[in-house]
Amino acid sequence: MYVIVDLRNGQELLRADDMDTLIRLALQTDDTGDIFTHTYIGKEKEKVCQNSNFVWIFYNSWYDNYIAIPERELTDETRYIIEGKGFDLYSDSVLEGEVKAYIKEMLPHAKIAKYEPVPITLKEAQSFINQHHRHHKQPQGHRQSVGITVNNELIGVIVAGRPVSRHIDYRTTLEVTRCCVLEGFKNAVSKLYGQICKIAKATGYKKVITYTLVSEPGTSLKAVGFQQELISKGGSWNSSSRKREDKHPILSKIKWSKVII
């Protein structure tokens, strides 16, 4: 038995003995095609859960690759960014856990979009950060800058330099001062941190550190082996003896570190 079920409320809309009959009934019921939006279409299962999570598939026909984003993570801004990088909406009603099967059936030659690290100049990294970073402006200097691309389109950068704290040995420790990735490109942050750690090891550093706001979970850092080292109190650089304008968040921060082996 084959069914069409509304994923938003779990309501069964149609059923038939085979897929061809089901599709024919669907078109007879609603010739606008709206019945195929936000629905599960396929073999009947024991239960299709109400408010099931489903995934949006964005496809780039030129490169024959795709990006899959859970609807709960998708915003209008994210969609605008992804489509601006050459991906068009292909489907908005694929159940989580069934993406690979769906792609195999509907886009058998398509591959998931891959992230490619590329060398970039500090000026290029600064320009990207000024345009896209949520709460920081460009760093003034660097030791290393790396970009990451999808289909030759820049979608993220990472900048590393000498540690800001004078108490940390700059000869053995590299500090990531900025990491900025466009919304929608999942796991790109981890890819950038992994790449900067490889560069640090190749150039003789023993440790890589960075800081995040306490409100940020650090999931991407944990994925590539960073560990929490301490939580700083935060605060302003401004003082009565030296007036400064704070252009960065002054809240508490978590210090993360990874020993390069």
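For the structure, check the block above.
These notes cover the structure that comes with them.

Right, let's talk about the nonpolar core for a bit. Judged by nonpolar contacts, the single largest core of 45 residues is most densely connected at Ile155, Ile158, Phe185, Tyr193, Ile196 and Phe226. Leaving out residues up to four positions away in the same chain, Ile196 has contacts with Gln144, Val146, Ile158, Ala160, Leu174 and Val176. Ile57, Val94, Val99 and Ile103 belong to the second largest nonpolar core, which has ten residues in total.

What follows is about the packing of aromatic side chains. Taken as a whole, this structure holds four aromatic pairs when the rule is applied. The interplanar angle of 70° and the centroid separation of 5.9 Å between the aromatic rings of Tyr59 and Tyr90 together place this pair among those described as edge-to-face. With a gap of 31 residues between them, Tyr59 in strand β4 (residues 54-60) and Tyr90 in strand β6 (residues 88-95) connect regions that are remote in the sequence. On the numbers, 6.4 Å between centres and 70° between planes, the contact of Tyr90 with Tyr102 is edge-to-face.

Here the structure, examined in full by the defined rule, presents eight salt bridges. A salt bridge links Lys85 to Glu153; its shortest N-O distance comes to 3.6 Å. Of this pair, Lys85 sits in the loop between α2 (76-84) and β6 while Glu153 sits in strand β10 (residues 153-161), placing them 68 residues apart in sequence. Within the structure, one salt-bridge network assembled from shared partners comprises Lys207, Glu229 and Lys255.

What counts as what
- Residues numbered from 1 in each chain as written.
- Predicted model: local features only at pLDDT ≥ 70, side-chain atom pairs only at ≥ 80, totals over all residues.
- Heavy atoms only, no water.
- Core = buried A, V, L, I, M, F, W, Y, C linked by side-chain atoms within 4.5 Å.
- Buried < 20%, exposed > 50% of the residue type's maximum accessible area, 1.4 Å probe, protein only.
- Contact = heavy atoms within 4.5 Å.
- Phe/Tyr/Trp six-rings, centres within 6.5 Å; stacked < 30°, edge-to-face > 60°.
- Helix = DSSP H or I, 4+ residues; strand = E, 2+ residues; numbered from the N terminus.
- Salt bridge = Lys/Arg side-chain N within 4 Å of Asp/Glu carboxyl O.

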